[in-house]
Amino acid sequence: MRGAPLARTSLAAFLAMVSATMVPYAVAILTPDLIDEFELTATDIGLFGSVALLSAAVHAAAAGTLADRLREESMVRMLHLLYGGSVLVIATARSYGMILVGAVIAGMSLGLTNPATNRLITAKVATERWGLVTGIKQSGGQLSNVVAGLTLPVLILAAGWRVALLALAVIVPVGLLSTLRLPVPSNVPAPTEAGAADPEQVPTGSDAADRRLRRLRIVGLIAGSANGSVMYFLPLFVVVEFDTSVAVAGSITAAGAAAATASRFALGPVAARFADPTRPLAVILWLAVVAIVLLMLSPAVGLWLGWVASVLLGISALSFITPAMLAIMRLSPGRSTGLESGRFMRAVYTGGVVSPPIFGQLVDRFTDFRLGWAFSLVLVAAAATLTTWPGRTSGPRGPSLA
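One structure accompanies this document, and this report is about it. As the structure is a computational prediction, the values presented were derived from the model and not from experiment.

Moving on to the nonpolar core. The biggest cluster of nonpolar side chains holds 55 residues, and the ones touching the most others in it are Phe237, Leu285, Phe320, Phe344, Met345, Tyr349 and Trp373. Where this core is concerned, the elements lending two or more residues are helix H2 (42–69), helix H8 (207–242), helix H9 (246–272), helix H10 (278–301), helix H11 (303–315), helix H12 (321–331), helix H13 (337–366) and helix H14 (369–388). Ranked by the residues each element gives to this core, the list is headed by H8, at 14 residues. Filtering out sequence-adjacent residues up to four positions away, tyrosine 349 remains in contact with Leu53, Ala56, Ala57, Ala60, Leu110, Gly111 and Asn114. Ranked by size, the runner-up nonpolar core spans 37 residues in total, among them Ile45, Ala91, Ile99 and Ile156.

For the coordinates displayed, the defined rule picks out 1 salt bridge. Linking glutamate 37 and arginine 162 is a salt bridge whose minimum nitrogen-to-oxygen distance equals 2.6 Å. Here the residue glutamate 37 occupies a position in helix H1 (residues 3–38), and arginine 162 occupies one in helix H6 (residues 161–167), the gap between them amounting to 125 residues. Since its relative accessible area comes to 40%, glutamate 37 is described here as partly exposed.

Our next topic: the packing of aromatic side chains. If you walk through the whole model with that rule in mind, you get 7 aromatic pairs. Centroid distance phenylalanine 237 to phenylalanine 369: 5.3 Å. Interplanar angle 70°. Geometry classified as edge-to-face. Taken together, the positions of phenylalanine 237 in helix H8 and phenylalanine 369 in helix H14 put the pair 132 residues apart, joining distant regions of the chain. Across the pair, phenylalanine 369 and phenylalanine 237 agree in class, each one buried.

About the cut-offs
- Each residue is numbered by its place in its chain's sequence as written, counting from 1.
- Only residues with pLDDT of at least 70 are given local features in this predicted model, and only at 80 or more are side-chain atom pairs given and counted; all residues enter the totals for whole chains, interfaces and linings.
- Excluding hydrogens and water, the side-chain values take into account all heavy atoms of the structure.
- What is meant by a nonpolar core is a set of buried Ala, Val, Leu, Ile, Met, Phe, Trp, Tyr and Cys residues, joined one to another through side-chain atoms within 4.5 Å.
- Think of it in three bands: with a 1.4 Å probe and only protein chains considered, a residue is buried below 20% of the maximum accessible area for its type, exposed above 50%, and partly exposed in between.
- To qualify as a helix, a DSSP run of H or I must reach at least 4 residues; to qualify as a strand, a run of E must reach at least 2; elements of each kind are numbered from the N terminus.
- It only takes one pair of heavy atoms within 4.5 Å for two residues to be counted as in contact.
- In what follows, salt bridge is the name for a side-chain nitrogen of Lys or Arg lying within 4 Å of a carboxyl oxygen of Asp or Glu.
- Two rings from Phe, Tyr or Trp (for Trp, the six-membered ring) form a pair when their centres are within 6.5 Å of each other. A pair whose planes differ by under 30 degrees is stacked, one over 60 is edge-to-face, and the rest are tilted.

The analysis is restricted to geometry; functional conclusions fall outside its scope.
Structure representation (C-alpha cells):
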C-alpha cells in the first residue's frame, strides 16, 4: 500500500483522533471562564473530567465489539457526529448540569476513538506500515490540544467562550469527508495471519499474549489516572501559580501538546523496531516522572521551568499511548483488535475517572498544587516501575515490524 491510498487512510484515522479528543482539552482551556460564569470550584472542573472519562470507560469495550463487527468507516463517522453533539451541548449550556451532559457525549466519542482507528489500520493498512500510521493517528490525539491551546484564547477574546467552542466544530464535516472511498489494499494479511511468519512472535490469542495484554491494561489504568489530572489542571495551575493570563496558560499547554504530537508521530515507527514495544514505553514513563518533578519545582524556580516541564510531559506522559496501541495491535488477533483496544482504553479512562476529583480536592482543601502533583507523581512512578519490571507476566517477546 503506497501513496494516496495510505495517505487517505492515515488522514481519516488522524482526523478521528483530533475530533474525539478535542472537548477535554478545550474545557481545560475554558476553565477560568467556566469557573467565573457558573461559580465552579477546582473539584467541579475535575468532575467534568471524571464524567467524560467514566462515559468513555463505560462505552469503550462495547465500542470495541462494534468496531470488530461494523464497517470501519461507519464507526469513524459515528465518532465525529458524537463530538459535534458534545460541542453543541456545552456551547449552549445554561447550567453546570448541561455541561456534564456534554461531558457524557464527549466520553462516548472518546470511547470509540482507539477501537475504531485501530480496526481501520489493521483492516486497511499493510502490517509493515502499522507503526507509521499508528504514529500519525496518535499524534492527532495531541494536535487537538495544540489547536485548543492556540486558538481558543484568541477566539474567547474576540467572541466569548461559547462562540470559540462552536468554532471547533468545523472538524466534523472535514472528518466525515475523510471517510469517503477509503481503500482496502490487496497486501493486507488476513486478520488471523498478520505477522504469523515471524517465528519469534507471541502467538495471538495465546496465554503469553493474554498475560501481556492484561499487564498493559494495568499500566494503562495507572498511567491514565496520572494523565487525567495533568490534562485538566495544567492550565489552571499556570494561571494561579504564576498569576498570568489564560493566553499564556494556553500557550504553555499547547507547547506540551505540540511536543506530544511530534513524539507520538515518531514513536510509531520507533516502537515498531523493537521486538517488544513496551521497552520504549518504560523509558517514556520514567521521563514523565522527571517532568512532574520539574512541574512541582517550577513555582519556586520560574515560569520558564513550567515551559520545560510541559514540553517534557508532552514527550512522555502524553505520548505513552502510541507504543501501547501498537503493542495491542501486534498481540491481538485481527478480528479482536477492536475489543482489545476497547478493553485497554477502558482501563485508561477508568484510571482518569477518580484522579481529577482527588486532585481537585487536594487543591481546594490545602490551596497547594504541589500535593496534587505529588499524587500524580506516585501514579506515574508506579506505572513506570510495573513496565520496567513486569515480573512473571512478561512472556515471550513479539516481532519487530520494521
